[in-house]
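A look at the structure
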Amino acid sequence: DIVMTQSPVSLSVTPGEPASISCRSSQSLLYSDGNNYLDWYLQKPGQSPQVLIYMNSNRASGVPDRFSGSGSGTEFTLKISRVEPEDVGVYFCMHALEVPLTFGGGTKLEIK
Amino acid sequence: QVQLQQSGPGLVKPSQTLSLTCVISGDSVSSNIAAWSWIRQSPSRGLEWLGRTYYRSKWYSDYAVSVKSRITINADTSKNQLSLHLSSVTPEDTAVYYCARARTSGTYDHWGQGSPVTVSS
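A brief structural summary. (Residues numbered from 1 in each chain as written. Chains lettered and ligands numbered in written order. Predicted model: local features only at pLDDT ≥ 70, side-chain atom pairs only at ≥ 80, totals over all residues. Heavy atoms only, no water.)

1. Things to note about the sheet that holds strand β7 (residues 67-72) of chain A
Residues and elements named next belong to chain A.
- Taking strand neighbours across the sheet as the criterion, the four strands line up as β1-β3-β8-β7 in an open arrangement whose pairing is antiparallel. Since the sheet does not close on itself, it has two edges, and those belong to β1 (4-7) and β7, each with one partner. Ignoring which end each strand starts from, the neighbouring axes of this sheet average 20 degrees apart.
- For β7 and strand β8 (residues 75-80), the ladder comprises six bridges, and the chain directions are antiparallel. In the strand pairing of β8, F67 is matched with I80. (Pairing = 2+ DSSP bridges. Helix = DSSP H or I, 4+ residues; strand = E, 2+ residues; numbered from the N terminus. Axes fitted to C-alpha atoms, helices over the stretch in contact; angles between N-to-C directions.)

In structure tokens form, the structure reads like this:
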């Protein structure tokens, strides 16, 4: 199975400041079609996860443009350009390259 | 819009079978461009993909090795719903269980509300 490792485990950010979360996979998520099969999800308190970024860098419908995804191969980053209070929750990366799909351990974002 | 409504018991005894249902609206369980999965979440195991079923001229299923001998995911086309059956449960199976729809890329773009299940006598 592909192992997904996220860092940091938690971060506390002042509103308006940027934030960055890293995700590393144990094998390359770059497929022969040129796409990296890496998604980012946010689980707000008491809710189900919701997709933010799919295939590495594509924002899901309705996701603000302050969220961006980048990377390739085994190293990926989710960036929030200016954190808002509603961004609190746990962020997960997930690979969709093959079964079993696996998730990172999560990064908890808190607001200072 | 797509909605996934989950139901099922919140308490299951050890060695029994955990059964959950996910009613799908706004899409078809036999869609040729979607896959339907069960995913669970617990403090000890995090988010864990359990398996999926999908229709591409015929039905296919994939399961996680960790539960493969105990799990069945079924699609009921007459009711447009998905079901999960996990047999011989132990307290380790205590978790919040989610059904979710995946796009062809594998991205989960719709999730059920989650079903907390406790395995205890």
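2. Observations concerning the interface of chain A and chain B
- Listed by partner, the interface residues are 17 residues for chain A and 17 residues for chain B.
- Both sides of the chain A and chain B interface together cover about 1400 Å² of buried area, and 65% of this is carbon and sulfur.
- Counting the contacts that link chain A with chain B gives five residue pairs in polar contact (both at pLDDT 80 or more).
- Listed by contribution, the elements that provide at least two residues to the side of chain A that touches chain B are β4 (38-43), β5 (50-54) and β9 (89-95) of chain A.
- Its residues assigned to classes, the side of chain A that touches chain B comprises 13 nonpolar, three polar and one charged. (Contact = heavy atoms within 4.5 Å. Buried area = accessible area lost by both parts, 1.4 Å probe. Polar contact = N/O pair within 3.5 Å; in protein donor to acceptor, adjacent residues only side chain to side chain. Nonpolar A, V, L, I, M, F, W, Y, C, P; charged D, E, K, R; others polar.)

3. Digging into the side chain of T102 of chain A
Residues and elements named next belong to chain A.
- One can find T102 in strand β10 (residues 102-103).
- Within polar-contact distance, the side chain of T102 engages the backbone oxygen of I2 at 2.6 Å.
- Aside from chain neighbours lying at most four places away, what touches T102 is I2, M4, C93, M94 and H95.

4. A few points about the packing of aromatic side chains
- All told, the structure shown has eight aromatic pairs over all chains when counted by the stated rule.
- Here Y31 of chain A and Y37 of chain A contribute two aromatic rings whose centre-to-centre distance is 6.0 Å and whose plane-to-plane angle is 85 degrees, an arrangement assigned as edge-to-face.
- The partly exposed category is assigned to Y31 of chain A, whose relative accessible area is 46%.
- Here Y37 of chain A falls in the buried class, since its relative accessible area comes to 13%.
- For the ring pair Y98 of chain B and W111 of chain B, a centre distance of 5.7 Å and an interplane angle of 85 degrees mean the geometry is edge-to-face. In this pair, Y98 of chain B is assigned in strand β9 (residues 95-102) and W111 of chain B in strand β10 (residues 108-111), connecting sequence segments 13 residues apart. (Phe/Tyr/Trp six-rings, centres within 6.5 Å; stacked < 30°, edge-to-face > 60°. Buried < 20%, exposed > 50% of the residue type's maximum accessible area, 1.4 Å probe, protein only.)

In short, the description is geometric, and any link to function would need to be established separately.
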